[in-house]
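Summary of the model geometry
Each chain, written out:
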Amino acid sequence: MSATAVRVRPRRTRGRGAGLGLAAWLLGILFFLPIAWMALTSFHSEEDAATNPPSFGAALTLDGYREFFGTGGGASPWPALLNSTVASAVSTLCVLLLAFPAAYALSIRPVKKWTDVLFFFLSTKMLPVVAGLLPIYLFAKNTGMLDNIWLLVILYTSMNLPIAVWMMQSFLAEVPVAVIEAAQIDGARLPTILARVVAPIALPGIAATALICFIFSWNELLFARVLTGVVAETAPVFLTGFITSQGLFLAKVCAASLVISLPVLAAGFAAQDKLVQGLSLGAVK
């Protein structure tokens, strides 16, 4: 009986693993279907995209992409894409520079009541964004910073800083204290320890935090919609311009949405190993 039990257990384990793998594949396909549908619709004409039920065998065309890139006489998307890139990249860099020493102080060299500090950081994310819209708009108007890309950089930095400190604190808590103490014995100062000892060890967590902050900044719409106009218009704001009083041009909107989503998808694909490794730090003891 014991030999039979030993033989049955691996089969059950393999069957359970295959079932979980199949469920994961089905769930992944389910999440991928809207993106695949958007990509297919972007290659259809407006007449074929508007059919109900949709036509899977319709002829493919690049008219939606030509309209998006302004070859048909429309506005060019490049200024908006450049503004989104600058606002997202610069704000992410500022967040990392500010969150890294703060997370170090809360994890490796914790202050008193550090859990209360972390809760305060996280509670700022619970404030409805629209509640701060009017004061920020009045501040931007009185200081002459309306339609200014650097105002968005400041806002995105302040909005993403709490979640970045929260994430990086858990990552830096996994850094061995003995390594830091060894560097201190060798005479290394705090900036050197942060740059050459702590940062390489916590690199997956830093990459995961940077990717999350970049995605949040790239996808932000409300503040960019209210505080920008023509000069500092971002990609999500540019995308809303395709919804006109004449109706919704579905193929063109799908083409624009796919192009605007590509930078985030590319960044996530390039950093997927660091993202998974960073988000799983501390999960297994």
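Scroll up to find the structure.
Attention here is on the structure that accompanies the text. (Residues numbered from 1 in each chain as written. Predicted model: local features only at pLDDT ≥ 70, side-chain atom pairs only at ≥ 80, totals over all residues. Heavy atoms only, no water.)

1. Let's talk about the side chain of Ser91
- You can see Ser91 is positioned in helix α4 (residues 78–107).
- Here the side chain of Ser91 touches Ser88 through a polar contact of 3.1 Å, landing on its backbone oxygen.
- Once residues within four sequence positions are removed from consideration, Ser91 is found in contact with Val86, Val153, Tyr156, Thr157 and Ser217. (Helix = DSSP H or I, 4+ residues; strand = E, 2+ residues; numbered from the N terminus. Polar contact = N/O pair within 3.5 Å; in protein donor to acceptor, adjacent residues only side chain to side chain. Contact = heavy atoms within 4.5 Å.)

2. What to know about a nonpolar patch on the surface
- A surface patch of nonpolar side chains, about 720 Å² in accessible area, is lined by Trp25, Leu27, Ile29, Leu30, Phe31 and Leu33.
- Within the secondary structure, Leu33 sits in helix α1 (residues 2–42). (Patch = residues over 30% accessible without salt bridge, like charges linked within 9 Å, V, L, I, M, F, W, Y side chains within 5 Å. Areas by Shrake-Rupley, 256 points an atom, 1.4 Å probe, with all protein chains shown as cover. Salt bridge = Lys/Arg side-chain N within 4 Å of Asp/Glu carboxyl O.)

3. Some thoughts on the nonpolar core
- Counting residues in hydrophobic clusters, the biggest one holds 25 residues, and the most contacted among them are Phe100, Tyr104, Met168, Leu172, Val175, Ile180 and Val198.
- Contributing elements (two or more residues each) for this core: α4, α7 (149–172), α8 (177–185), α9 (190–201) and α10 (203–219).
- Element by element, the count of residues in this core is highest for α4, at seven residues.
- Counting 18 residues, the second largest nonpolar core, distinct from the first, contains Met38, Phe68, Cys254 and Leu258. (Core = buried A, V, L, I, M, F, W, Y, C linked by side-chain atoms within 4.5 Å. Buried < 20%, exposed > 50% of the residue type's maximum accessible area, 1.4 Å probe, protein only.)

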